[in-house]
Amino acid sequence: MSKLFGYILSPVFYIFFGLTLCIFHPIQWLCYKIFGYKAHKVSVDILNFFLTYCQIFLFNSISFKNEYVLPTDRPIIFAANHQSMYDIPSLIWFLRKHSAKFISKIELTKGIPSISINLRLGGGANINRKDNKQAISEIIKLGRRMKENNWSTVIFPEGTRAKDGQLKTFQFGGIATILKVVPNALVVPVAIENSWKIVRFGMFPLTTGNALRWTVLKPIEPGVKTANDITLEVENEIRKVLGQPMQQPATL
C-alpha cells in the first residue's frame, strides 16, 4: 500500500522539494553577497526547514529527540548513521544552533540548485574521494574552522548509505582527523531511523507513511580515549537504538 500511494504522491513531493531548492538558490546567493555568512546561514536553515517538512506530502512523520543540553561554546562532532539523502536536511535544521557542517563529495558542488551553492559557501569540507591527500587536507581545514568559530560538523562514519537500514562498520578516520585538529570537540552520536524506507524502491516511487526519527544520544568526552574506541562506542550506541547486533572491540 505504501508503494501504491508512493506512485501517486511522489510527483507531488518532488515538485515541492524541487521548487524549494530553486527558490532558495538565488536567496542564498543574495544573502551571502549582500549581508555575509550569517545571513546566508539563516537562509540555509530556513531552506532545510522546508526540505525537512516536504515529507508531509508523503505522509511521513518527523521526530527529533534530544534529552541532552549540548554546548554552543565548543565544537561538536555529530556522528550519525546514514540511510538516505533525506537524512541531511533534518540534521541541518534540527542542529542549526550548532552550525553543523558536512563533509561532502566535491562533485556535489556543481549543478544542484541550492545544495551546490551551500556546499561552496557554507564552510564545510568538499573532498575528492579519489585524492586522499586532498580529502585529508580539506578535513583539516574544516577542523580549523570548527576551532576558530565553535562550529560543529556531522560525519557519517559508515562512509556510504545503508540502503537496507543495516548498519555498516564505522570507520574511525574522520573522527581521528578532526580530533587531531580540535581535541576539545565533544563527540555526539545521532541515530537515524527509517529514512532508508523512503527510497527502498529507488528514486521512484518513494514510499509513504514512514516514521522518520532522529535521536541524539549521550555525548562522549574524548579525554584519553583513542579515535578507534570512540568510534566503536558511537557505533554501538546507535546499534542499541536500531536494535542491531553490537560490535566487539578488535583483538590483537
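Sequence order as written defines residue numbering, which begins from 1 separately in each chain. Local features in a predicted model are, by the rule used here, given only for residues with pLDDT of at least 70; side-chain atom pairs are given and counted only at 80 or more, and totals for whole chains, interfaces and linings are based on all residues. Hydrogen atoms and water are omitted, and side-chain values are computed over all heavy atoms in the structure.

## Structural notes on the overall build of the protein chain
Next up, step 1: For the protein chain, the helix and strand inventory stands at 7 helices and 7 strands.
Next up, step 2: For a compact globule the rule gives 2.2 Å times the number of residues to the power 0.38, and the radius of gyration it is set against comes from C-alpha atoms. Since a compact globule built from 252 residues should have a radius of gyration of about 18 Å, the 18 Å found for the protein chain is in line with a globular shape.
Next up, step 3: Type-normalised accessible area, obtained with a 1.4 Å probe on protein chains alone, sets the label of each residue: buried when under 20%, exposed when over 50%, and partly exposed for intermediate values. Considering the protein chain as a whole, with its 252 residues, one finds that 50% of them fall into the buried category.
Next up, step 4: For the protein chain, restricting intrachain contacts to residue pairs at least 6 apart in sequence, the fraction spanning at least 24 positions comes to 72%.
Next up, step 5: Per element, the accessible surface of the protein chain, about 12,800 Å² overall, is 60% carbon and sulfur.
Next up, step 6: Under this rule, positive means Lys or Arg and negative means Asp or Glu; His and the chain ends count for nothing. The atoms used to mark charge sites are NZ of Lys, CZ of Arg, CG of Asp and CD of Glu. Of the charged side chains in the protein chain, 30 are positive and 16 negative; the average position of the first set lies 6 Å away from that of the second. The way it works is that DSSP assigns letters per residue, a run of H or I at least four long becomes a helix, a run of E at least two long becomes a strand, and they are numbered from the N terminus. Residue contacts are defined here by distance: any two heavy atoms, one from each residue, within 4.5 Å place the two residues in contact. What sets the accessible areas is the Shrake-Rupley method with a 1.4 Å probe; for residues, cover comes only from the shown protein chains.

## Things to note about the sheet that holds strand β3 (residues 100-105)
The strands making up a sheet associate through hydrogen bonds between their backbones, and the pairing can be parallel or antiparallel.
Next up, step 1: Here 7 strands make up an open sheet; going across it, the order is β1-β7-β6-β2-β5-β3-β4 and the pairing mixed. Two strands close off the open sheet at either side, each with one partner strand: β1 (61-66) and β4 (125-127). Ignoring which end each strand starts from, the neighbouring axes of this sheet average 20° apart.
Next up, step 2: Between any two strands, at least two bridges found by DSSP are needed for them to pair. Sheet analysis places β3 next to β4, joined by 3 bridges and oriented parallel. Residue pairing across strands places K105 opposite I127, the latter belonging to β4.
Next up, step 3: The strands touched by helix α7 (residues 227-242) within the sheet are β2 (76-80) and β6 (186-193), with β6 carrying the most contacts at an inclination of about 30°. Lines fitted to the C-alpha atoms define the axes, with helices restricted to the stretch that makes contact. Angles between their N-to-C directions range from 0 to 180 degrees.

## A short note on the packing of helix α5 (residues 132-149) against helix α6 (residues 173-181)
Next up, step 1: Look at α5 against α6: their axes get within 8 Å of each other, and the N-to-C directions meet at 45°. On the basis of the axis angle, α5 is oblique to α6. In this structure, the crossing between α5 and α6 has a hand that is right-handed. On α6, the residues touching I136, I139, I140, G143, R144, M146 and K147 of α5 are T177, I178 and V181.
Next up, step 2: Looking at the contact of α5 with α6 residue by residue, the class counts come to 6 nonpolar, 2 polar and 2 charged. Any angle that falls under 35 degrees is termed roughly parallel, while one over 145 is termed roughly antiparallel, one within 65 to 115 roughly perpendicular, and all others oblique. Crossing handedness: left-handed means the near helix sits turned counterclockwise from the far one by under a right angle, and right-handed means the same turn made clockwise. For this classification, Asp, Glu, Lys and Arg are treated as charged, while Ala, Val, Leu, Ile, Met, Phe, Trp, Tyr, Cys and Pro are nonpolar and the rest, including Gly, are polar.

## Quick look at unusual backbone geometry
Across the chain, the bulk of peptide bonds are trans and the bulk of non-glycine residues have phi less than zero.
Next up, step 1: Along the chain, F204 connects to P205 via a cis peptide bond; the corresponding omega equals -5°.
Next up, step 2: Tracing the backbone through its elements, the reader meets P205 in the loop between β6 and β7 (211-216).
Next up, step 3: We note that N150 has phi near 55°; this positive angle belongs to a residue other than glycine.
Next up, step 4: Along the chain, N150 turns up in the loop between α5 and β5 (152-155).
Next up, step 5: Looking at N150, the relative accessible area reads 31%, which means it is partly exposed.
Next up, step 6: At N194, a position not held by glycine, the phi torsion is positive, near 75°.
Next up, step 7: When you line up the elements, N194 lands in the loop between β6 and β7.
Next up, step 8: Look at N194 and you get buried, because its relative accessible area is 13%.

## Regarding a positive patch on the surface
Next up, step 1: Two distance rules govern patches: like charges are joined within 9 Å, and nonpolar side chains (Val, Leu, Ile, Met, Phe, Trp, Tyr) within 5 Å, applied only to residues with over 30% relative accessible area and no salt bridge. Whenever Lys or Arg places a side-chain nitrogen within 4 Å of a carboxyl oxygen from Asp or Glu, that contact is recorded as a salt bridge. A surface patch of positive charge is lined by K105, R129, R161, K163 and K168.
Next up, step 2: Mapped onto the elements, R161 comes out in the loop between β5 and α6.
Next up, step 3: Residue classification places R161 among the partly exposed positions, given a relative accessible area of 39%.

## Some points on the packing of helix α1 (residues 2-35) against helix α2 (residues 37-53)
Next up, step 1: Between α1 and α2, whose axes approach to 7 Å, the crossing angle comes to 170°. Between α1 and α2, the angle is such that the two are roughly antiparallel. The segment α1 lies against α2, with F17, T20, L21, F24, I27, Q28, C31, Y32 and F35 engaging Y37, A39, H40, S43, V44, I46, L47, F50 and L51.
Next up, step 2: Partitioned by chemical class, the residues of the contact of α1 with α2 number 14 nonpolar, 4 polar and no charged.

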